[in-house]
Amino acid sequence: PTPTFSPHNMRCLGELKARTVWLGCPEKCEEKYPKNGIKNQKYNILTFVPGVLYQQFKFFLNLYFLVVACSQFVPSLKIGYLYTYWAPLGFVLAVTMVREAVDEVRRHRRDKEMNSQLYSKLTVRGDSLTDYSPRWQPRGQPVIPHGYCLMSDGIFLNLLVNSEHAGSDTCACFIRTDQLDGETDWKLKVAVACTQRLPADLFSITAYVYAQQPELDIHSFEGNFTREDCDPPVHESLSIENTLWASTVVASGTVIGVVIYTGKETRSVLNTSQSKNKVGLLDLELNRLTKALFLAQVVLSVVMVALQGFVGPWFRNLFRFVVLFSYIIPISLRVNLDMGKSAYGWIIMKDENIPGTVVRTSTIPEELGRLVYLLTDKTGTLTQNEMVFKRLHLGTVSYGTDTMDEVQSHIVGTGASATPSHTATPSAPKVRKSVVSRVHEAVKAIALCHNVTPVYETRTGMAEAEGTEADQDFGDHNRTYQASSPDEVALVRWTESVGLTLVNRDLTSLQLKTPVGQILTFTILQIFPFTSESKRMGIIVKEEATGEITFYMKGADVAMASIVQYNDWLEEECGNMAREGLRTLVVAKKSLSEEQYQDFESRYNQARLSLYDRALKVAAVVESLEREMELLCLTGVEDQLQTDVRPTLELLRNAGIKIWMLTGDKLETATCIAKSSRLVARSQDIHVFRPVSNRVEAHLELNAFRRKHDCALVISGDSLEVCLRYYEHELVELACQCPAVVCCRCSPTQKAQIVRLLQQHTANRTCAIGDGGNDVSMIQAADCGIGIEGKEGRQASLAADFSITQFKHIGRLLMVHGRNSYKRSAALGQFVMHRGMIISAMQAVFSSIFYFASVPLYQGFLMVGYATIYTMFPVFSLVLDQDVKPEMALLYPELYKDLTKGRSLSFKTFFIWALISVYQGGILMYGALVLFDQEFVHVVAISFTALVLTELLMVALTVRTWHWLMVMAEFLSLGCYLASLAFLNEYFDLSFIATGAFLWKVCVITLVSCLPLYIIKYLKRKFSPPSYSKLSS
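Everything numeric here is computed off the predicted structure, so don't read it as measured data.

### Regarding unusual backbone geometry
A negative phi angle characterises most non-glycine residues, just as the trans form characterises most peptide bonds. Located in the positive-phi region is Ser-247, a residue other than glycine, with phi close to 75 degrees. With respect to the secondary-structure elements, Ser-247 resides in the loop between strand E11 (243-244) and strand E12 (249-250). Among the residues examined, Ser-247 registers a relative accessible area of 6% and is labelled buried.

Dropping the structure here:
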């Protein structure tokens, strides 16, 4: 697929240029290239402090407090002690910086761990030196063993160990690219022709590679290889089949290459977007509420000055009132929320039900409770990428996993005879005879029609083993299979399990071993590889023992239905298998006489030599063979899903989350997994968006799709690109109405673009989950990125905000921890605001009584103590509150839908809390005036004591599920207040506080301020209970 260009990528490409990389002439390589290390850090030593300060002061809340704190340096505006303003602000910034520093250190350690992996590289002296990949530069010649992940882009020069191609003409290897493009097929890579025959010491030649400038497209490359120490110089063109891209894994042999692109110039990094600082929706909502509070504060200050009559320096008085009421916006809000986020992260990581979960970004745990769209990768995320053979159907008889022993007995029975196709005991009935021979033919076809190569990795001296077939050690214990597709390996493994084993293969021949140990040799006459257009592959083989020539073909049912002879079962059985989530292949054969084959070969070679319309002519000649083929069987292979994928997807769907699958894999594979994982329900239709290449086609196809209702959409990356160019809004609007969307053949950049489109067009919160390097862009673009630590590396897990070990853990992460984090932060945020508003209401009443004087009610330590030791512990203990038990949240995922509406924190709930604050502030202040008319000098002690008690009772009113730490926090705070009375002589008169009248009057004021709220809460729970309380009861 053609990658999408983001502004970041365009900026990168502007600096890039083509290069010439020399072998054997290090003095000619003077140019500097980017370092090759992985870097996920947001800051460096110089940018850390300015960067963190900018991230903090871009929030209105913190900027406001900075201005207020700075105003206290002006004598005429000074209200109280400097430390009452600067200490909380300094504490907030210190907590934030420490948290960011810890996150940065963790990222640095993870990057260092990845960058410390050791690799070998060739030196000019001809020996091999162990080094770190970050030190690689273009011209370096790394030696990459089997199973290692490549860390830079390079050109394939030679194989150090080439066991599977011993004695063959090609120097080739397989690589796995699922971390780069999401495709499960292995890719065959071929070494540069003029370096294949050279010894391992490639510095002995004088040669250079010319490589085009780095590009985003992972499916194309243009370059040249020139060897100058020959006469004449050898020039060879380089293409994509000579390349070894970073983030791919060597699947066979030990590869020697030359590095051409490093670091930010590699294809995988160019397709990765810059990591950004993510801000949670709850933080944005609180930011809006603080702006509303600031507006209320200014209005209140203006009212106070207006009631004064705008006398004297009224402008200065206005600013003093603004500072006086500054507690209406609590500085402790950020501290409490940040500490709460850290607590949620710790709780998530300590949850024994989701072991191995890591919170990498501690600023957005509440996002887990607000998600509407989940965008998931396929390979390694939903599937294990392990294929298992499940079904063999012969038309009249079907074999499943529980009846494979019957197939084995048929093969063993026929293997004892030299002419297996005519094998049967004389007494066996005729029908039985035909089933045995048909089973044998089908298994033989599956064992021959593929591109699988058996590899004997632990075997020594294979290259020298040129004896007879009987002498060669085809032992089962050290054989592995390599192929471009895991489906093919699954089929060949199955034929081995039933008795017919592929033991050797090179470019011209195949060898099968029967159950009795006999070796059958077949000469490969022609191979017609699988293409996405033809959807089938074919092979013509000649059995050496009998001289029979047979054309075998296998492919998708849509391609094979018109090729095979008429039958009445193929279409129905394909549908049955597809509904089970199996990947189907139709296998057929055609026997050819020597004359027929010679005629075909001459026409085929002639077509291959034609200069015009070569591809069409070759296809026409092959199609002349593909007529009236004998249908042998239908096979069903299952791509093993990750544990509990189906129930997890069902849970998420019931929670109102829309799931989109974005994969780099083929359309058929993606559709199959969508069905088998129940991403698409059995009863739902699937609309496959036809390939479009221009505006007219896109318009017609969108109209066809608009007429469909309640069906899943399957669209390819190319078609998506065209539609987004001309009809972006229409496509996104239609896709958002679908119950499920599958995007196949997506490049990493396209995945990120789809995430951004959803964010722009729906304004809903998105979550991306993946396990490969090709998912990093998507994970970083989403509001919440989740990485799975897969078999293929930790790139996605390192770049993500949350890292899990299995897909099924996402259910608990969202339903339980997402819910709790959001509900707790919403309650905590609003309570901290209430704590500030109630004291501002009391200040307003106090000022209005004293002729609107801008004099503070509480000074110095009382204000600092009120926001910290007197109320902090009970308020912060709200992070332990929960409205629903975890088991209930998982049993009724529908509860999650309420969270996405954002009702726990809205202008409505905020307004209710503001009314409560005004009521309680007024009661506390006026109550103190009414009951203490004779001792008004003690109003500070009276009102402050009642205020602390009210706050403690309000925490108790807010709590939904008590935790022992909450009870402890309540009594600890009350104890701290009572103990501190002894040291607050300058504010309180201890002899007055000890009187009984003081105690009962304080209790009455507190009771009047809190009791009505308790009664209202009881009535509301009785007559209009929330949905979760109905379930709990």
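### Some words on the sheet that holds strand E16 (residues 383-393)
In spatial order, the strands read E17-E16-E26-E25-E24-E23-E22-E21-E20; together these 9 strands make up an open sheet with antiparallel pairing. Strands with a single pairing partner mark the edges of an open sheet, and in this sheet they are strand E17 (398-399) and strand E20 (501-505). In the sheet, strand E25 (residues 583-592) pairs with strand E26 (residues 630-641) via 7 bridges, with the strands oriented antiparallel. Looking across to E26, one finds that Thr-584 is bridged to Gly-636. Here helix H18 (residues 667-676) sits on the sheet in contact with E16, E25 and E26, set at roughly 65 degrees to E26.

### Brief notes about the nonpolar core
Formed by 92 residues in total, the largest nonpolar core has its most connected members in Ile-786, Ile-810, Leu-813 and Leu-814. Take this core: its biggest share by element is 12 residues, from helix H24 (residues 809-849). The residues touching Leu-813, leaving out its near neighbours within four places in the chain, are Ile-348, Ile-354, Thr-357, Leu-368, Ile-786, Phe-802, Ile-804 and Gly-818.

### Observations concerning the UniProt feature "active site" (unreviewed entry) in the chain
According to UniProt, the "active site" (unreviewed entry) feature falls on Asp-377. In this fold, Asp-377 is placed in the loop between strand E15 (371-376) and E16. Looking at Asp-377, its side chain comes within polar contact range of the side chain of Lys-751, at 3.3 Å.

### Quick look at the pairing of strand E13 (residues 254-261)
With 8 of its 8 residues buried, E13 lies for the most part within the structure. In the sheet, strand E4 (residues 141-144) pairs with E13 via 2 bridges, with the strands oriented antiparallel. Paired with Val-143 across the strands is Ile-256, a residue of E13.

### A short note on the packing of aromatic side chains
Applying the stated criterion to the full structure yields 20 aromatic pairs. With 5.8 Å between their ring centres and 90 degrees between their planes, Phe-528 and Phe-551 make a pair best called edge-to-face. With Phe-528 in strand E22 (residues 519-528) and Phe-551 in strand E24 (residues 549-555), this pair connects stretches of sequence that are 23 residues apart. Each member of the pair, Phe-528 as well as Phe-551, is classed as buried. One aromatic cluster is present, built from ring pairs that chain together Phe-528, Phe-551, Tyr-597, Phe-600 and Tyr-604.

### Observations concerning the sheet that holds strand E8 (residues 207-211)
The strand order across the open sheet formed by 4 strands is E1-E8-E9-E10, and the pairing between neighbours is antiparallel. With one partner strand each, in any of the chains shown, strand E1 (19-23) and strand E10 (234-238) form the two edges of the open sheet. In this sheet, neighbouring strand axes are inclined to one another by 20 degrees on average, regardless of whether the strands run parallel or antiparallel. Examined bridge by bridge, strand E9 (residues 223-227) and E10 share 5 bridges and lie antiparallel to one another. Along E10, the bridge assignment pairs Thr-226 with His-235.

### Looking at the packing of helix H7 (residues 281-308) against helix H8 (residues 314-324)
Here H7 crosses H8 at 140 degrees, and the two axes come no closer than 9 Å. Between H7 and H8, the crossing angle belongs to the class labelled oblique. You can see that H7 and H8 cross each other, and the crossing is right-handed. Here Gln-297, Ser-301, Val-302, Met-304, Val-305 and Gln-308 of H7 come into contact with H8, specifically with Trp-314, Asn-317, Leu-318, Phe-321 and Val-322.

### A look at a nonpolar patch on the surface
A cluster of nonpolar side chains, namely Leu-953, Leu-1007, Leu-1011, Tyr-1014, Ile-1015, Tyr-1018, Leu-1019 and Phe-1023, defines an oily patch on the protein surface of about 800 Å² accessible area. A per-element tally of the nonpolar patch places helix H33 (residues 996-1023) first, with 7 residues. Judged by relative accessible area, which is 64%, Phe-1023 ranks as exposed.

### Looking at the side chain of Lys-589
Tracing the backbone through its elements, the reader meets Lys-589 in strand E25. Engagement of the side chain of Lys-589 in a polar contact is seen with the side chain of Glu-441, the distance being 3.1 Å. Discounting residues that sit within four places of it in the chain, Lys-589 has contacts with Glu-441, Thr-550, Phe-551, Tyr-552, Met-629, Glu-630 and Leu-632.

What counts as what
- Residues numbered from 1 in each chain as written.
- Predicted model: local features only at pLDDT ≥ 70, side-chain atom pairs only at ≥ 80, totals over all residues.
- Heavy atoms only, no water.
- Helix = DSSP H or I, 4+ residues; strand = E, 2+ residues; numbered from the N terminus.
- Buried < 20%, exposed > 50% of the residue type's maximum accessible area, 1.4 Å probe, protein only.
- Pairing = 2+ DSSP bridges.
- Contact = heavy atoms within 4.5 Å.
- Axes fitted to C-alpha atoms, helices over the stretch in contact; angles between N-to-C directions.
- Core = buried A, V, L, I, M, F, W, Y, C linked by side-chain atoms within 4.5 Å.
- UniProt positions renumbered as here; feature names shortened; annotations may be inferred.
- Polar contact = N/O pair within 3.5 Å; in protein donor to acceptor, adjacent residues only side chain to side chain.
- Phe/Tyr/Trp six-rings, centres within 6.5 Å; stacked < 30°, edge-to-face > 60°.
- Parallel < 35°, antiparallel > 145°, perpendicular 65-115°, else oblique.
- Left-handed = near helix turned anticlockwise from the far one by under 90°.
- Patch = residues over 30% accessible without salt bridge, like charges linked within 9 Å, V, L, I, M, F, W, Y side chains within 5 Å.
- Areas by Shrake-Rupley, 256 points an atom, 1.4 Å probe, with all protein chains shown as cover.
- Salt bridge = Lys/Arg side-chain N within 4 Å of Asp/Glu carboxyl O.

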